Amino acid sequence: MTRHSNGPTLAALVLAGLNMRPLLTSVSPLLGQLRQSIGLSPLAASLLPAVPMMMMGAVALLGAPLMQRLPLRRLLLAGLTLLLVALAARGAIVEGRWLVLSALCGGLGIGIVQMVMPGLIRQHFSRRSTAVTGLWAGALMGGGGLGAALSPWLSTHLGWSLALSDWALPVLLAILIWLWLRVPGTHESNPLPLPSLWRKPRAWTLALSFGLVNGGYATCVAWLPDAYQQLGWSAQAGGALLAVMIALQVTGALLMPLLARRSDRRPQLIFSLACQLIGMAGFLLAPLLVPWLWAAIAGFGLGAAFPLAMVLALEHLPQPQAGARLVAFMQGWGFIIAGCMPFIAGQLHAVTDSFTPVWLMQGAVVVGLIALNFRFHPRSYRQAFGQPGL
């Protein structure tokens, strides 16, 4: 890849990242309208954020053989095409079950794109992979903010069906750009022997931590606008509150890794979790006092924890292929765990007709995460996988 072509390739990567979350965040501010228009049931509403997360996890766990057989660019285009079909189909949906099916199809597409993106970044930006990965994560979260902020406005002017299906347009643009780019496709050859992860407690601990952190994100994306609409806010205001939270996630994702220069990641992880706990406590105890502040603090903590968890996993195994497999294992089971949390939250709300148990659950999860992350001392990294000490 020449220097001249790095700019368009970087733009294409960022555009792909922007398309990874509107499938999730465009729905939550419109739940009230969807209940009235298509009779969306509490079960279907709970499945809408859960199903895509679980599909992302399944792809991360099962998709590695595909990357060894097919060019990464072809897989990326396949994932974007699935996402395009899922979003475009939402313009014709008249029942909640079909909305859930679109979430399944879109989640599969997102999972494929997320699976191949680290390899594409390493392939085309090997000397700047850390910075480009941070930019990718920021674009991913920023796209989620756009979905939350703009969907209520689009619904007011175009109707809810077009507000959901119009997010297919930037996906189509991303596909056209990737088709236009002349990017050589490569896949791994001669893979090195890698340690088995299924019997490694540390691999499961990292997956649990990653899953619970992303479960907090998924729970807020799914239910925060609805929680404030039940307190009397409009759909536009609820979507704006979620957009503020996601904007601070972008800030946390970009800023905190720059501050984490020591080998011990625990201080930054604990700080990010403490921010999440403060935000959840605010939603629980004083939701109308300074809601924008609670959303900002929680968002910063959620955004900061995501890249820190990725770096933490990669540092456990110094070999690039082994580290990549650990990250795939962590993301696979982690996203499945994350998908369960908004579903559980939705069922709690359906049973109690209150969001109090939802925020209580999330606060308890964060307290457990703080205790769990104290275990991740750098001296334990390589011993956890049967390798010589640092």
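Parameters and conventions
Residues numbered from 1 in each chain as written. Predicted model: local features only at pLDDT ≥ 70, side-chain atom pairs only at ≥ 80, totals over all residues. Heavy atoms only, no water. Helix = DSSP H or I, 4+ residues; strand = E, 2+ residues; numbered from the N terminus. Buried < 20%, exposed > 50% of the residue type's maximum accessible area, 1.4 Å probe, protein only. Contact = heavy atoms within 4.5 Å. Areas by Shrake-Rupley, 256 points an atom, 1.4 Å probe, with all protein chains shown as cover. Arc of directions from axis to C-beta. Salt bridge = Lys/Arg side-chain N within 4 Å of Asp/Glu carboxyl O. Axes fitted to C-alpha atoms, helices over the stretch in contact; angles between N-to-C directions. Parallel < 35°, antiparallel > 145°, perpendicular 65-115°, else oblique. Left-handed = near helix turned anticlockwise from the far one by under 90°. pLDDT = per-residue confidence, 0-100. Core = buried A, V, L, I, M, F, W, Y, C linked by side-chain atoms within 4.5 Å. Patch = residues over 30% accessible without salt bridge, like charges linked within 9 Å, V, L, I, M, F, W, Y side chains within 5 Å. Phe/Tyr/Trp six-rings, centres within 6.5 Å; stacked < 30°, edge-to-face > 60°.

**What to know about the overall build of the chain**
Part 1 of the argument: Tallying secondary structure elements over the chain gives 16 helices and 0 strands in all.
Part 2 of the argument: Within the chain, the fraction of its 390 residues that count as buried is 55%.
Part 3 of the argument: Across the chain, contacts joining residues at least 24 apart in sequence account for 84% of those joining residues at least 6 apart.
Part 4 of the argument: Surface summary for the chain: the accessible area is close to 16200 Å², and the carbon and sulfur share equals 68%.

**Quick look at the side chain of S165**
Part 1 of the argument: Relative to the helices and strands, S165 is located in helix α9 (residues 160-165).
Part 2 of the argument: According to the relative accessible area criterion, S165 is buried, its value standing at 10%.
Part 3 of the argument: S165 has contacts with L87, A88, R90 and G91, leaving out every residue within four places of it along the chain.

**What to know about helix α3 (residues 31-38)**
Part 1 of the argument: Among the residues of α3, those classed as buried are L31, L34 and I38. Buried positions in α3, seen along its axis, are confined to an arc of 60° and lie on one side of it.
Part 2 of the argument: Contacts made by the buried residues of α3 are with α4 (42-62), α7 (96-124), α9 and α11 (201-230).
Part 3 of the argument: Trailing α3 by a residue or two, G39 shows a phi angle of about 60°, which is positive.

**Some details on the pattern of salt bridges**
Part 1 of the argument: Taken as a whole and assessed by the stated rule, the structure comprises 2 salt bridges.
Part 2 of the argument: Of the charged contacts, one joins E95 and R97 as a salt bridge, the two residues approaching to 2.7 Å between their closest N and O atoms.
Part 3 of the argument: Judged by its relative accessible area of 58%, R97 is exposed.

**What to know about the packing of helix α6 (residues 72-89) against helix α10 (residues 168-180)**
Part 1 of the argument: Between α6 and α10, the shortest axis-to-axis distance is 9 Å and the interhelical angle comes to 160°. Put simply, α6 runs roughly antiparallel to α10. Judged by the twist between their axes, the crossing of α6 over α10 is left-handed. Contacts from R73, L76, L77, L80, T81, L83, L84, L87 and A88 of α6 reach α10 at A168, V171, L172, A174, I175, W178 and L179.

**Some remarks on the confidence of the model for the chain**
Fine structural detail should not be taken from predicted coordinates in areas where pLDDT scores are low.
Part 1 of the argument: Here the chain averages 85 in pLDDT, and 90% of its residues register 70 or above.
Part 2 of the argument: Below pLDDT 50 for its whole length, residues 186-192 participates in 15 contacts with residues either more than four positions away or in separate chains.

**Some details on the side chain of S209**
Part 1 of the argument: By the element assignment, S209 lies in helix α11.
Part 2 of the argument: Discounting chain neighbours no more than four positions away, the residues touching S209 are L369, L372, N373 and F376.

**Regarding the nonpolar core**
Part 1 of the argument: Counting residues in hydrophobic clusters, the biggest one holds 111 residues, and the most contacted among them are L40, L80, M117, W178, F283 and W359.
Part 2 of the argument: Residues V213, I270, V365 and L369 belong to the second largest nonpolar core, which totals 11 residues.

**Comments concerning a nonpolar patch on the surface**
Part 1 of the argument: A surface patch of nonpolar side chains, amounting to about 220 Å² of accessible area, comprises L18, L146 and L150.
Part 2 of the argument: By secondary structure assignment, the location of L146 is in helix α8 (residues 129-158).

**Notes on unusual backbone geometry**
Part 1 of the argument: Its identity is not glycine, yet D353 carries a phi of approximately 55°, on the positive side.
Part 2 of the argument: The topology assignment puts D353 in the loop between α15 (320-352) and α16 (356-373).

**A closer look at the packing of aromatic side chains**
Part 1 of the argument: In total, this model carries 10 aromatic pairs according to the counting rule given.
Part 2 of the argument: With centroids separated by 5.6 Å and ring planes inclined at 35°, the aromatic side chains of W233 and W292 adopt a geometry described as tilted. On the criterion of sequence distance, the pair formed by W233 in the loop between α11 and α12 (235-259) and W292 in helix α14 (residues 291-316) is long-range, its members being 59 residues apart.
Part 3 of the argument: With a relative accessible area of 39%, W292 lands in the partly exposed category.
Part 4 of the argument: Taken together, Y228, W233, F283, W292 and W359 form an aromatic cluster joined through their ring pairs.

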